[in-house]
Amino acid sequence: MQLNRRPHLIAVILILTIVLLTIAGISVGSVRITVADILKAIFRPQSISRNTAYIIRNLRIPRVLSSIVIGSALALCGLIFQCVFRNPMADSYVLGISSGASFFVGLGFVVGISFADVSLPVVAFLGSMLTTALLFAISRRNTNSLLLTGISLNFLLSALTTLTIYLSDKRAESILFWTLGSLGNSNWSRLFILCGVLAVAFVIVYSNCSSMDLLLLDDSTALSSGLDVKKKRILLLSVASVVTATVVCFSGIIGFVGLMSPHFIRILVGPKHRRLIPLSMMMGSVILLISDMICRFIVPPSELPIGIVTSILGAPVFMLLLRRKRRG
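In total, this model carries 3 salt bridges according to the counting rule given. Close ionic contact of arginine 63 with aspartate 292 constitutes a salt bridge, the shortest N to O distance being 2.8 Å. Note that arginine 63 is positioned in helix α3 (residues 50–84) and aspartate 292 in helix α13 (residues 273–298), a separation of 229 residues in sequence. Relative accessible area serves as the criterion here: at 10%, arginine 63 is assigned to the buried category. Across the pair glutamate 303 and arginine 63 runs a salt bridge, and its minimum N-O distance is 2.9 Å. With glutamate 303 in the loop between α13 and α14 (306–327) and arginine 63 in helix α3, the pair connects residues that are 240 residues apart, well separated along the chain. Each of Arg63, Asp292, Arg296 and Glu303 takes part in a single network of salt bridges with overlapping partners.

If you want it as structure tokens, here you go:
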């Protein structure tokens, strides 16, 4: 009974934490906002100044909600990659998949594609899919070399992205900030797109919880249970690639959230994906909300790229996992 109650208790704690961090995230910034101002801006915007209402409704709220959605999306992608590749250190950032999407978006900038262009997500998806397909082809032959291959691809694609920044010198500063991750461009239209993509991805992945549990076993056991291993892997990797490409397109590269979130929740509730998926997504939201507040708090009124903060938080977790795997 205690094991059955634990996921519900963790879910309640995470939801309360997200609510508190959401209020704090709207309040923190160069302009101090009170809880009363937030309520007035939502329910009675005419009772406060136009500037304050605009900051809350069009800047702070979309940014905080984007943190929640993007954190959930990154955690879901990390969980998929860890399941498909059977590696607890797999993540869209560590394996270079985010860098693949980033490189193709950088190429799009070089040839003249802007953020407003609808073809930019398609370009990001192409880069993400190609990198994922390459990793999938390598992992089928030698799973042990997957991590080193992903790190090598990450370095290569990051270098190529830097080259695209150099070639597009007029926009180098904005592109560089985007490659380090940023939530500063969040708005309602992008938030709706992210929510739509994440909702579809969640429905597909959660409906395949049992299949994901089987994928953690060896292929022969999964096949004997009647699972089409190849089909399920392609489906899950396609979903993760679409979500990764969407996140990279709108917020740049934000690393290690997909590594940390499932790892923390797996310690608490075990490897069953029916519990692991929603709780990991909540944990991803918590991590990104905290990271975003740190970005805005350290160097006001400007902000740090959020990718720097998540890398600082995630690198020790990655090294801990690597150490545990070597001992194992």
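By secondary structure assignment, the location of arginine 274 is in helix α13. In this structure the C-alpha to C-alpha distance between arginine 274 and serine 207, which are 67 residues apart in sequence, comes to 9.0 Å. If sequence neighbours within four positions are ignored, arginine 274 has contacts with Tyr206, Cys209 and Ser210.

For α3, built from 35 residues, the straight-helix expectation of 51 Å at 1.5 Å per residue is met to within 8% by its first-to-last C-alpha distance of 50 Å. At arginine 60, α3 is deflected by roughly 35 degrees, the largest bend along its length, and proline proline 62 occurs up to four residues later in sequence. A large share of α3 lies buried, amounting to 28 of its 35 residues. A positive phi of about 50 degrees marks arginine 86, the residue just after α3.

Note on aromatic pairs: each is described by the distance of the centres and the angle between the planes. Scanning the model with the defined rule gives 5 aromatic pairs in all. A ring pair is formed by tryptophan 188 and phenylalanine 192, whose centres lie 6.1 Å apart and whose planes are at 35 degrees; its orientation type is tilted. Residue tryptophan 188 and its partner phenylalanine 192 are both found in helix α8 (residues 188–206); the two are separated by 4 residues, about one turn of the helix. Residue classification places tryptophan 188 among the partly exposed residues on the basis of a relative accessible area of 31%. The positively charged end of arginine 274 is found above the aromatic ring belonging to tyrosine 206, 5.5 Å away from the centroid.

Core analysis: the biggest nonpolar cluster contains 87 residues, and Ile80 and Phe81 have the highest contact counts within it. By residue number, the principal contributor to this core is α3, which donates 16 residues. Every residue in contact with phenylalanine 81, bar those within four places of it in the chain, is listed here: Arg86, Ala90, Asp91, Ser92, Leu95, Ile97, Thr132, Leu237, Ala240 and Thr244.

What follows is about the side chain of glutamine 82. The topology assignment puts glutamine 82 in helix α3. A polar contact of 3.2 Å, which involves the side chain of glutamine 82, links it to the backbone oxygen of glycine 258. If we ignore the near neighbours within four places in the chain, the residues touching glutamine 82 are Asn87, Pro88, Ala90, Gly258, Leu259, Pro262 and Arg266.

Next up on the list: empty space enclosed by the protein. A probe matching the size of a water molecule, rolled over the atoms, marks out where space remains unfilled. As enumerated under the stated definition, the model contains 2 cavities of 30 Å³ or more in all. Here the largest cavity is characterised by a volume of approximately 50 Å³. Along its surface, the largest cavity is lined by Ser66, Ile70, Ser182, Leu183, Ser186, Asn187, Arg190, Leu194, Phe250 and Ser251. Counted by class, the lining of the largest cavity contains 4 nonpolar, 5 polar and 1 charged residues. Estimates place the volume of the second largest cavity at around 30 Å³. What lines the second largest cavity is Leu74, Ser98, Thr244, Val247, Val248, Gly252, Ile253 and Ile254. In terms of residue class, the lining of the second largest cavity is built from 5 nonpolar, 3 polar and no charged.

Analysis parameters
- Within every chain, residues take consecutive numbers counted from 1 along the sequence as written.
- Per-residue local features are limited, in this predicted model, to residues with pLDDT of at least 70; the limit for side-chain atom pairs, both in listing and counting, is 80 or more; totals at the level of whole chains, interfaces and linings are taken over all residues.
- With hydrogens and water set aside, each side-chain value is computed from the structure's full complement of heavy atoms.
- Salt bridge, as used here, is a side-chain nitrogen of Lys or Arg placed within 4 Å of a carboxyl oxygen of Asp or Glu.
- Working definition: helices are DSSP H or I runs of at least four residues, strands are E runs of at least two. Numbering for both runs from the N terminus.
- Exposure categories follow from relative accessible area, calculated using a 1.4 Å probe and restricted to protein chains: below 20% of the type maximum is buried, above 50% is exposed, and the middle band is partly exposed.
- Contacts between residues were defined by any pair of non-hydrogen atoms, one from each residue, lying within 4.5 Å.
- Given the number of residues in a helix, its expected span is that number minus one, multiplied by 1.5 Å.
- Note that the bend at a residue is defined as the angle between axes fitted to the seven residues ending at it and the seven residues starting at it.
- By convention, a stacked pair of Phe, Tyr or Trp rings (six-membered ring in the case of Trp) has centres within 6.5 Å and planes under 30 degrees apart, an edge-to-face pair has planes over 60 apart, and any other such pair is tilted.
- Two conditions define a charge sitting above a ring: the NZ of Lys or the CZ of Arg must be within 6 Å of the ring centre, and it must be within 35 degrees of the ring normal.
- For this analysis, a nonpolar core means a set of buried residues of the types Ala, Val, Leu, Ile, Met, Phe, Trp, Tyr and Cys, connected via side-chain atoms within 4.5 Å.
- Two N or O atoms count as a polar contact when they lie within 3.5 Å, although within protein this holds only if one can serve as hydrogen donor and the other as acceptor, and sequence-adjacent residues are included solely when both atoms are side-chain atoms.
- A pocket here means an open set of points on a 1 Å grid, computed over the protein atoms alone, that has protein on both sides within 12 Å along at least five of seven lines. A cavity is instead a set of points where a 1.4 Å probe fits but cannot get out; residues with an atom within 4 Å of a point line either one.
- Grid points are joined across faces, edges and corners, and a volume is the space filled by probe spheres set on the points.
- Here the term charged refers only to Asp, Glu, Lys and Arg, the term nonpolar to Ala, Val, Leu, Ile, Met, Phe, Trp, Tyr, Cys and Pro, and the term polar to all other amino acids, Gly among them.

Note that every value here comes from positions in space, so none of it alone points to a role or purpose.
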